[in-house]
Amino acid sequence: MSELISRNPANGEELGRAPIYTPEQVRAAVQAARGAQTGWGQASLRQRLQELKRLSRVLVEQADAIARLIAVEQGKNQIEAYGEVMTVLELLHFYQRNAARILRPRSVSPRLGALRSHRIIPRPRGVVGVISPWNYPVTLSMEPLIAALVAGNAVVLKPSEYTSLIGLKIGELARRAELPDGLVQVVTGDASTGQALIAAGIDKLVFTGSVANGRKVAALAGEYLVPLTLELGGKDAAIVLADADLEQAAEGILWGALLNAGQACLAVERIYVEQAVAEAFIQKLTEKAARLRVGPSTDPNHDVCAITTEAQQNILKQQVMEARAKGAQVLLGGDPLPGPGRFFPPTILVNVNDEMSVMREETFGPILPVRVVRDAEEAIRLTNASPYGLTASLWTRDLRRGRQLLTRLEVGDAALNDHGTSSGHAEIGWGGCKASGYGKTRGEEGLREMVIWQHISWPRLGGQLMGFPYSAKKVNLVRTLIKVLFGNWQERLSLFRSRERKG
Ligand code: NAD
C-alpha cells in the first residue's frame, strides 16, 4: 500500500488520498527542514513573530475551509471544529504577546563564579518532529508546531493516517502564510512513517497518541536519544459528592464525557457518585443523555457525531458487551446505530466494577459507566488507583473542601464543578502524569520545552578559578573554602584561630 484513502466516517464516502512517505522521503523532509531552520533559528524572535502573524491571518481566512474539513474527515460537530481553529489562533495570540518574556535570556551570578559573567540563553533545538492523533487533528498538530516555530525550530509533522487531508491542509496553511520554504514539512503515513521520523535525525519529538504506542515511541526515541514530550491516553474520572448541584453536575459531566462523541483524551470515562445522591444523579444524567441528538456533523444541531475509526467503534462494542456479560446494566444506548456511517449513541452503564475493562481501560467514546461509592475517600482512592493521570473533576457545593480534595488527585488537570478546564487556554500548559505521559505542550512550559537552555560565559575580572598545576596549597584552599562556606561556627572559628597562630 503506497497511499492512504481518507473517508468520511459519517457515510463512508471517499474524501481523498495521501501518500505514505517512505523512510527515505522522511529523511529527505527532515534534511530540507534542517536547511530551512538555519536562517529561521538565526532570525530574532521579533522577526519570527512578525512572520507568524501571516499564519494567524491565513487561519482566520481559512477558518471555514479548515472547520469543514475537520467536520467531514474526523467527524466532529462544526462548533467543535471551529473550536480547534480558535484554540490555535489563541495560542499564536498568546505567544505574540508573551514569547519574549517566556524565552528571555537571564544572567546568573554563581557565588563561586564571580570571575566570569554567566548567561542562560534559549537556543532552538533544530528540527522538531510532531506525531499527532486523529481526534483533534488541527489543535494537536498545530499547538506543538507553533511553539516549535516561535522558538526558532523547523517542524516535520506526521499526522494521523485517519486525518491525512487535514495534515496536508496544515502544510498548505504554512505555504499560504509564506513561511520560509521547507520550514514546515508534512509527511503523511501510518505508524511506519512515524517510526521513520523518529529515526531520521530529529532533535525533539512531541508525540500525542495512545499509551501502547507511546511506549513503543519512547523505546525508539530512547535508541536515538530524541528528547520526548508524550501526551497519551486517559481514564478520566468525575466524582460527584453528596452536596453537589446535581443539575449542574449531570450537565457538566455529560458535556465533559460526550464532546467529540467521547473521542477526547480528557473525556470523562468513569463516574463515582456518593451513595446518598446516586439515584437522583443517575436519573438526571440518563434523562439528559437521552435528549442528545446523534448524527452527522453536516447538521449543526447534532450533539454527538461520528465515531472516526472502525477500530474505535469495535472497542466500544467490545467494552459494552464485556460489561453486560459481567453484570452491568445498560440504562441507555449500548449498541451502535445502523449505518450508513459509524454512530454510537450516549450509553449509560450502572452496576459496574473494576473487573470490567470499561472501568479500567481507555474507552474513547460516548460511554459513561457510573459506580456508586461510600464517600469521597473511596472515590479518590479509586480515581488514583488507575495507571492513567490525565484529568479529573470533582462536583460539590463546598468549594473550600473541594479545592483541598482536588490537590489529592493524581492527574495533570483537576477541576471543581467543570471538567477539563485547561483545554483551549493558551496560557496553561497541557500534560498528564503517570501513564498519561510527560512533558507539556502549550502555555509557557510548552514553549520552554522547544529550546535548549544554553549557558554561555565570558571573563569579567580575569583569571581562572581552577587550573594546572595542582599543589598542596590549592588542596588546602578548597578544604578551607568548604569550611568557610558550609561549616558551622566552631569550624569557622578554628580556621580563624589557626590563622592567628600562624600569624
Ligand atoms: P495512536 O497512538 O494510534 O496514533 C497516534 C499517532 O502516532 C498517529 O499519527 C500514528 O500513525 C502514530 N503512530 C502509531 N504508532 C506509532 C509508532 N510505533 N511510532 C511512531 N508513530 C506511531 O493514537 P490515535 O488513535 O491516533 O489517538 C487516540 C489516542 O491518543 C488516545 O489514546 C487518546 O487518549 C490519545 N490522545 C492523547 C491526548 C493528550 O493530550 N494526552 C490528546 C489526544 C489524544
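Bear in mind the structure is a predicted one, so any value in this text is a computation, not a measurement. (Residues numbered from 1 in each chain as written. Predicted model: local features only at pLDDT ≥ 70, side-chain atom pairs only at ≥ 80, totals over all residues. Heavy atoms only, no water.)

Enquirer: Please set out the packing of aromatic side chains residue by residue, giving values where relevant.
Expert: Enumeration over the complete set of coordinates arrives at three aromatic pairs. Centroid distance F94 to Y95: 5.6 Å. Interplanar angle 45°. Geometry classified as tilted. Neither F94 nor Y95 differs from the other in exposure class; each is buried. A centroid spacing of 5.5 Å and a plane angle of 80° characterise the contact between W134 and F364, whose relative ring orientation is edge-to-face. One end of the pair, W134, is in the loop between β5 (127-131) and α5 (139-150); the other, F364, is in the loop between α12 (357-360) and β14 (367-373), and 230 residues separate them in sequence. In this pair, the class of W134 matches that of F364, namely buried. The lysine or arginine in question, K76, covers the ring of Y136, its NZ or CZ lying 4.1 Å from the ring centre. (Phe/Tyr/Trp six-rings, centres within 6.5 Å; stacked < 30°, edge-to-face > 60°. Buried < 20%, exposed > 50% of the residue type's maximum accessible area, 1.4 Å probe, protein only. Helix = DSSP H or I, 4+ residues; strand = E, 2+ residues; numbered from the N terminus. Lys NZ or Arg CZ within 6 Å of the ring centre and 35° of its normal.)

Enquirer: Now, about the pattern of salt bridges: what can you tell me, with residues and values included?
Expert: Note that side chains of opposite charge can pair when their charged atoms are close. A full pass over the atoms with the stated rule returns 27 salt bridges. As a salt-bridge pair, R27 and E24 come within 3.7 Å of each other at their nearest N and O atoms. In this pair, R27 and E24 are both assigned in helix α1 (residues 23-42), three residues apart and thus about one turn of the helix distant. Where D354 meets R371, a salt bridge forms, and the shortest distance between an N and an O atom there is 3.3 Å. Of the two residues, D354 is situated in the loop between β13 (347-350) and α12 and R371 in strand β14; the sequence distance between them amounts to 17 residues. Given the relative accessible area of 17%, R371 is considered buried. (Salt bridge = Lys/Arg side-chain N within 4 Å of Asp/Glu carboxyl O.)

Enquirer: Quick one: what's the story with the domain arrangement of the protein, residue by residue and with numbers?
Expert: Interfaces are frequently sized by the accessible area removed from exposure as the parts join. Each assigned domain of the protein is listed here: domain 1 (20-102 + 124-232 + 441-453), domain 2 (236-426) and domain 3 (467-502). Look at where the C-alpha atoms of domain 1 and domain 3 centre, and you get two points 55 Å apart. (Domains from an automatic or database assignment.)

Enquirer: Account for the pairing of strand β4 (residues 116-124), with residues named and values stated.
Expert: Of the strand pairs in this sheet, strand β3 (residues 106-108) and β4 are connected by three bridges, and their pairing is antiparallel. In the strand pairing of β4, R106 is matched with I120. Inspection of the sheet shows β4 paired to strand β18 (residues 451-459) by nine bridges, in the antiparallel sense. Counterpart to R123 in the pairing with β18 is I452. (Pairing = 2+ DSSP bridges.)

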